[in-house]
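Coordinate inspection notes
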Amino acid sequence: MILFMAELKEKYGDHSDVYGKIAREVKRGNLISVSHGIYETDRNTDGRYLAGCIYGPSYLSFEFALAEYDLIPEAVYSFTSATFSKNKRKFYKNEFGNFSYRDIPRDAYPFGYRLRQEGEYTCQMASPEKALCDKLYIMPPVRSVRDIKYMLFENLRIEEIDFLNLSMDDILYFAPLYHCNNLTYLSKFIEREVLP
């Protein structure tokens, strides 16, 4: 169970030294520090359910989501999340894993992610289409449709059949919200070569 400092202060309010009590619970292993003022009671909790608490608003995206959907072949060992208007990348490391956060444009942020629930835990994760758009946004800019195809199928090593199974309508809706070359050329590729 995720516990915030305010909840712990209330829970241990009858102790004369609340912070001392929290420190003792951490030392005993009853509380595991997630980040400043956030604790977890179960050390087996999947880090995906902690990512949104550590830094937000955010949702899981980029490499983590692409790997979850089996769109990229690489194993991903970091919980990668999208944010907006933070103006800097953030990294956290704790017992549950490595967590990284990176901005996408404010206009693109509110769309294309879903709430996932497992028991009392929830997380927000990009759809496959949104995770792909987020990833392409942070990659070096391309200058042609040929370049974006190379980026998709060679650099990211997405299988063409998997790409074609994505919702092209969703991608075409998301792409203009990023205002960047990579998504502009992705739209052109879809419109010229995939949809006709």
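Criteria and cut-off values
Residues numbered from 1 in each chain as written. Predicted model: local features only at pLDDT ≥ 70, side-chain atom pairs only at ≥ 80, totals over all residues. Heavy atoms only, no water. Core = buried A, V, L, I, M, F, W, Y, C linked by side-chain atoms within 4.5 Å. Buried < 20%, exposed > 50% of the residue type's maximum accessible area, 1.4 Å probe, protein only. Contact = heavy atoms within 4.5 Å. Salt bridge = Lys/Arg side-chain N within 4 Å of Asp/Glu carboxyl O. Helix = DSSP H or I, 4+ residues; strand = E, 2+ residues; numbered from the N terminus. Expected span 1.5 Å × (residues − 1).

1. Focus: the nonpolar core
With 59 residues, the main nonpolar core has L132, L136, L152, F163, I171 and L186 as its most contacted residues. Once you skip the residues sitting within four places of it in the chain, L136 turns out to touch I148, M151, L152, L156, N182, L183 and L186.

2. Focus on the pattern of salt bridges
One pass over the structure, following the stated rule, counts 8 salt bridges. The shortest N-O distance in the salt bridge between D46 and R48 comes to 3.1 Å. Given a relative accessible area of 14%, R48 falls into the buried group. Measuring nitrogen to oxygen at the nearest pair gives 2.2 Å for the salt bridge that ties E74 to R157.

3. Here we look at helix α9 (residues 181–194)
Turn by turn, an α-helix covers 3.6 residues, leaving residues three or four places apart pointing in a common direction. Over its 14 residues, α9 extends 19 Å from the first C-alpha to the last, a length consistent with the 20 Å expected when each residue adds 1.5 Å. Buried within α9 are the following residues: N182, L183, Y185, L186, S187, F189 and I190. Those residues of α9 hidden inside the fold are in contact with α5 (128–138), α6 (145–155), α7 (160–164) and α8 (168–174).

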